[in-house]
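# Observations on chain architecture
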Amino acid sequence: MVKPMLDQLTGDVAAMRHFNRLYTNWLGLLDVHLDGSPFTLSEARVLYELAHRHEPTAAEIARTLNMDRAQISRTLKRFAHRDLLETRSNPAHGRQQLLILTPEGRRAAADLNGSTQAAVGALLHQLSETQRRRLIAAAATMAQALEAKVEAPALRLRGLEPGDLGMVTARQAILYADEYGWDRGYEALVARILADFHDHFDPARDAAWIAETGGEMVGSIFLVHTDEPGVARLRLLYVEPAARGTGTGKLLVSTCIERARQLGYTRLTLWTNSVLAAARSIYERAGFVLINEEQHHSFGHDLVGQIWSLDL
């Protein structure tokens, strides 16, 4: 189980390095000066921050750009020597110097912004409309993932929408294949469960929730009626790796339990496998009790199936 994860990480690193080589060459970031300007890339980033902040300090610029303070200091000295920058003492903190672009510095920042806009526009013009849309969408996705100061999107639970059954099937099949090496037999099982859920859905006895953050599915759970009076089944709990440890699984399970109570069920059962330790921990903390386990060979592996039960 550890080796597939290491192999995946190695592949991810290679993919990121390949992308890094492509975009640095394409955008000309290896050039000594950015977009034909007299500024290096790091100088351009400092100049941008100075132009878009009101009298910042050198420490603020360093924190924002995650740059060494000595490097920031050298850059600011060069700007001052070229009459792009001036300083004044901070009235609220006598030892701090506030940074202010001179009129020449503001003109330099405006010129750099214009040349960068033109250079990037020329590069985008080389792409077809379809390529350009895909690139911009991918760039937006990367920015959202890497923006450290943006708060994590709020978690919400919603009902099923068209496409969700297929998405749940695909995501669970892919995740359990990656993490546990399960074969297509598991995908077929999930597909059958969800097809039966759809075909026999009764709003007075069944329910389903999709966990979502930022418009993306990060988990699911299903409440399914049985032929035994007063007994329902909790099925197909899963949480995306990026959402694990955030309380998503706990929220899904507690919501399912509460709905089961509201619908008048007296007992909730579930079937899982012993290797799914994180899910079992959630069930146990929610009050489920292990009542039976049995070895079986499924999904290409020897497993121990478990039945858990919760009196409502």
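Here is a short report on the structure shown in this document. Fair warning: this is a prediction, and the values are worked out from it, not measured in the lab.

Rules of the game
Residues numbered from 1 in each chain as written. Predicted model: local features only at pLDDT ≥ 70, side-chain atom pairs only at ≥ 80, totals over all residues. Heavy atoms only, no water. Helix = DSSP H or I, 4+ residues; strand = E, 2+ residues; numbered from the N terminus. Buried < 20%, exposed > 50% of the residue type's maximum accessible area, 1.4 Å probe, protein only. Contact = heavy atoms within 4.5 Å. Areas by Shrake-Rupley, 256 points an atom, 1.4 Å probe, with all protein chains shown as cover. Pairing = 2+ DSSP bridges. Axes fitted to C-alpha atoms, helices over the stretch in contact; angles between N-to-C directions. Phe/Tyr/Trp six-rings, centres within 6.5 Å; stacked < 30°, edge-to-face > 60°. Patch = residues over 30% accessible without salt bridge, like charges linked within 9 Å, V, L, I, M, F, W, Y side chains within 5 Å. Salt bridge = Lys/Arg side-chain N within 4 Å of Asp/Glu carboxyl O.

A few words on the overall build of the protein chain. A count of helices and strands for the protein chain gives 10 helices and 9 strands. A burial count over the protein chain gives 32% of its 312 residues as buried. For the protein chain, restricting intrachain contacts to residue pairs at least 6 apart in sequence, the fraction spanning at least 24 positions comes to 58%. Accessible area of the protein chain: about 19,100 Å², with a carbon and sulfur share of 55%.

Pairing within the open sheet is mixed, and its 7 strands lie in the order β3-β4-β5-β6-β7-β9-β8. Each edge of the open sheet is held by one strand with a lone partner, namely β3 (155-158) and β8 (289-298). For this sheet, the mean angle separating the axes of adjacent strands, direction not counted, is 20°. Alignment of strand β5 (residues 216-225) against strand β6 (residues 231-239), held across 6 bridges, turns out to be antiparallel. Bridge pairing links V224 to R233 in β6. The strands touched by helix α8 (residues 184-199) within the sheet are β4 (207-213), β5, β6 and β7 (267-273), with β6 carrying the most contacts at an inclination of about 130°. Relative to the sheet, helix α10 (residues 277-285) contacts β6, β7 and β9 (301-311), its axis offset from that of β7 by approximately 160°.

What follows is about the packing of aromatic side chains. Under the criterion given, the structure shown has 10 aromatic pairs. When the centroid spacing of 5.1 Å and the interplanar angle of 80° are considered together, the rings of F197 and F222 count as edge-to-face. Here the residue F197 occupies a position in helix α8, and F222 occupies one in strand β5, the gap between them amounting to 25 residues. The class of F197 is buried, set by a relative accessible area of 6%. The structure contains a cluster of three or more aromatic residues connected by ring pairs, namely Y176, Y180, W182, Y186 and F299.

Bringing the side chain of S309 into the picture now. As for its position among the elements, S309 is in strand β9. If we ignore the near neighbours within four places in the chain, the residues touching S309 are R267, L268, T269, G287, F288, V289 and I291.

To continue, consider a nonpolar patch on the surface. A cluster of nonpolar side chains, contributed by W271, V289, I291 and I307, occupies part of the molecular surface with about 340 Å² of accessible area. Tracing the chain through its elements places V289 in strand β8. What makes V289 partly exposed here is its relative accessible area of 49%.

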